[in-house]
Structure formats: structure tokens, C-alpha cells
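Summary of structural features
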Amino acid sequence: MLPIQNNKMTLVDVCASVADELATVQRLFDTELTSNSIIIAEMINQVAHFRGKMLRPMLVILAGKASGDLNNDHFTLGAVMEMVHMATLVHDDVLDEADSRRKGKTINALHGNEAAVILGDLLISHSFHLCSSINAQQASRIVANTATIVCEGELLQLHHRGNLHLTEDEYFQIIGGKTASLIAASCYLGCWASKQDESICQSMLLIAAFFKS
């Protein structure tokens, strides 16, 4: 049972409730990204330091538990969503010319922009490779669609960089693409992996409009 103080559940409580499942996701993540190259392995290890509370894998697991029983697809999809998220962080640091993240040096600060861009691409490539191990096209389509929306959100942000007259709608369009789309997809995929009907999966979406055909 989750420890609840003052009738409120904290994020720490939620993390603790799925700690074992997140550990499985992390092992899949690390196994998928194993490299025989010492240089590449070092860079991947540096990316691992960017992990926070693994919110997106957590949402996959929680949505799965809320809608049915967990299976191996939940862990795979949790690792996939974390890889996509990590790729966006690596690319964001290049675009923002950032030197540090989570009290550590960014990939671009350590190895240059070119290496950081390719490493981000490598993470995306691995995410699709891992996702292809699931015996269904729907998961890959959702992940691909989400990656497209994230890129569109980033392009919109670049277009509006320095725009002091940015409207509220434009702001929400940007963050909806860059941040909310990954969160929505994680909720959807968690429910989908529990083999629920599409109507129930849609109810898990925070932003259902992102998944229009």
C-alpha cells in the first residue's frame, strides 16, 4: 500500500510504488544501448546521468496497472519512451548551447555539437529498434507519430525564438509538442499494452488531439 501523508500522495511515493518495474525498464534501456565501442559506451553512460525520476516509463507502468495486468511490452515501451526523451534532451542542449544538465556536463560540452547530434540520433534509432521487438505495428506508429510531433514543437520554438509577442495559443502549441506529446503517448501505450479497447486507451491521453489519423 502506498504511504500517504495528509491524504496526499507525493511523487516520491508514486516512484516507490513502481520501483521494481522501473528497475526492469532501466535494465532493458541499458541492455539495448550496449556498445562494443569504448567511446560510444562512455557517451551513453554520460547520458544515463540525465535520468530523473523516469516520469515517462512510470506513466507507461501506471497506466498499464490502472487498465489491466503488466506484461513485457510495458517494460519495453517504458524503455522506448525514455530513449526518445533522452534524445530530445541531448538535442535540446545543442540548440540551447547548454553546458550543464543535472549538475553534470552536457554531451555537447564534452564532445562537441556534432557528436551530440549523432548521439541523439543514435538514441532515436535504438528506440525504434527496441520498439520493433513488440509484435504489433500500433506501438511503432504511436512512437513515430510522437517523435514527429516533438520535432514539430521544437521547430515552432525555434521559429518563435526571441518573439516577445508570443501568444498563449502559440506557447501551448510549442509545449504541447515538445513535452505533452511524450507524456500523452506514455499514458496511451501503457493502456494499449494492457490490451484495452481503443476507446479506453484514448481516455488515457492527456492530449487526444495529438493522435488524430
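Further remarks concern the pattern of salt bridges. Summed over the entire model, instances satisfying the criterion amount to four salt bridges. Taking the shortest distance from any N to any O, the salt bridge between Asp92 and Lys178 comes out at 3.7 Å. One end of the pair, Asp92, is in helix H5 (residues 72-95); the other, Lys178, is in helix H9 (residues 168-193), with 86 residues separating them in the sequence. Comparing Asp92 with Lys178, the two get one shared label, buried. Ionic pairing is found between Glu154 and Lys178, a salt bridge with its closest N-O pair at 3.4 Å. Placement of the pair is Glu154 in helix H8 (residues 137-159) and Lys178 in helix H9, with a sequence separation of 24 residues. Here the two residues Glu154 and Lys178 agree in accessibility, since each one is buried. Through salt bridges with shared partners, one network takes in Asp92, Glu154 and Lys178.

Right, let's get into the packing of helix H4 (residues 55-67) against H9. Taken N-terminus to C-terminus, the directions of H4 and H9 make an angle of 35°; their axes are 7 Å apart at the nearest point. H4 and H9 meet at a crossing whose hand is right-handed. Facing H4, whose interface residues are Leu55, Arg56, Leu59, Val60, Ala63, Gly64 and Ser67, H9 presents Leu182, Ile183, Ser186, Cys187, Gly190 and Cys191. Tallied by class, residues from the contact of H4 with H9 come to eight nonpolar, four polar and one charged.

In this section: the confidence of the model for the protein chain. Any segment with low pLDDT has predicted coordinates that should not be analysed in fine detail. For the protein chain, per-residue confidence averages 88 on the pLDDT scale, and residues scoring 70 or more make up 93% of the total. When the criterion is pLDDT under 50, residues 207-213 qualifies, and its contacts beyond four places in sequence or with other chains add up to 17 contacts.

Moving on: the state of the cysteines. Within this structure, the stated rule accounts for zero disulfides. Distance from the sulfur of Cys131, which forms no disulfide, to the nearest cysteine sulfur (Cys201) is 14 Å. Take Cys131: its relative accessible area is 0%, and that puts it in the buried class. Left unpaired, Cys151 is separated from the closest cysteine sulfur, that of Cys131, by 16 Å.

A cluster of nonpolar side chains, namely Leu95, Leu155 and Leu158, defines an oily patch on the protein surface of about 240 Å² accessible area. Checked against the element boundaries, Leu155 lands in helix H8.

Turning next to unusual backbone geometry. Even without being a glycine, Met54 presents a positive backbone phi close to 55°. Of note, Met54 is situated in the loop between helix H3 (38-48) and H4. Phi at Lys195 takes a positive value of approximately 65°, unusual for a residue other than glycine. As for its placement among the helices and strands, Lys195 is situated in the loop between H9 and helix H10 (198-203).

Viewed as axis vectors pointing N to C, H5 and H8 meet at an angle of 20°, and their least axial separation amounts to 12 Å. Classified by the angle between their axes, H5 and H8 sit roughly parallel to one another. In this structure, H5 crosses over H8, and the sense of that crossing is right-handed. Along its contact with H5, which presents Leu77, Val80, Met81, Val84, Thr88, Asp92 and Leu95, the element H8 presents Ala139, Val143, Val150, Glu154 and Leu158. Tallied by class, residues from the contact of H5 with H8 come to nine nonpolar, one polar and two charged.

On to H4, then. End to end, H4 covers 18 Å across 13 residues, agreeing with the expected 18 Å (1.5 Å per residue, within 8%). Every buried residue of H4 is listed here: Arg56, Pro57, Met58, Leu59, Val60, Ile61, Ala63, Gly64 and Ser67. For H4, the secondary structure elements touched by its buried residues are helix H1 (11-17), helix H2 (19-32), H5 and H9.

Calculation notes
The numbers attached to residues start from 1 for each chain and follow its sequence in the written order. The predicted origin of the model limits local features to residues at a pLDDT of at least 70 and limits the giving and counting of side-chain atom pairs to 80 or more, whereas totals for whole chains, interfaces and linings rest on all residues. To obtain the side-chain values, all non-hydrogen atoms of the structure were used and water was disregarded. Salt-bridge detection follows one rule: a side-chain nitrogen of Lys or Arg within 4 Å of a carboxyl oxygen of Asp or Glu. Numbering of helices and strands runs from the N terminus; a helix is a DSSP stretch of H or I covering at least four residues, while a strand is a stretch of E covering at least two. Burial status follows relative accessibility: with a 1.4 Å probe on protein chains alone, a residue under 20% of its type maximum counts as buried, one over 50% as exposed, and anything between as partly exposed. For helices, the fitted axis covers only the stretch in contact; all axes are lines through C-alpha atoms, and the angles between them, taken along N-to-C directions, range from 0 to 180 degrees. Crossings are sorted by hand: turned counterclockwise from the far helix by less than a right angle, the near helix makes the crossing left-handed, and turned clockwise it makes it right-handed. Here, residues are in contact when the closest pair of their heavy atoms is within 4.5 Å. All amino acids are sorted into three groups, where Ala, Val, Leu, Ile, Met, Phe, Trp, Tyr, Cys and Pro are nonpolar, Asp, Glu, Lys and Arg are charged, and the leftover types, Gly among them, are polar. Confidence of the predictor at the level of single residues is given by pLDDT, which spans 0 to 100. Defined by distance alone, a disulfide is two cysteine sulfur atoms within 2.5 Å. Patches in this entry comprise residues that are over 30% relatively accessible and not in a salt bridge; like charges within 9 Å are linked, as are nonpolar side chains (Val, Leu, Ile, Met, Phe, Trp, Tyr) within 5 Å. Per-residue and other accessible areas were derived by the Shrake-Rupley procedure at a 1.4 Å probe size, with only the shown protein chains allowed to occlude residues. Roughly parallel means an angle under 35 degrees; roughly antiparallel means over 145; roughly perpendicular covers 65 to 115; every other angle is labelled oblique. Expected span of a helix, by definition, is 1.5 Å for each gap between consecutive residues, and there is one gap fewer than residues.

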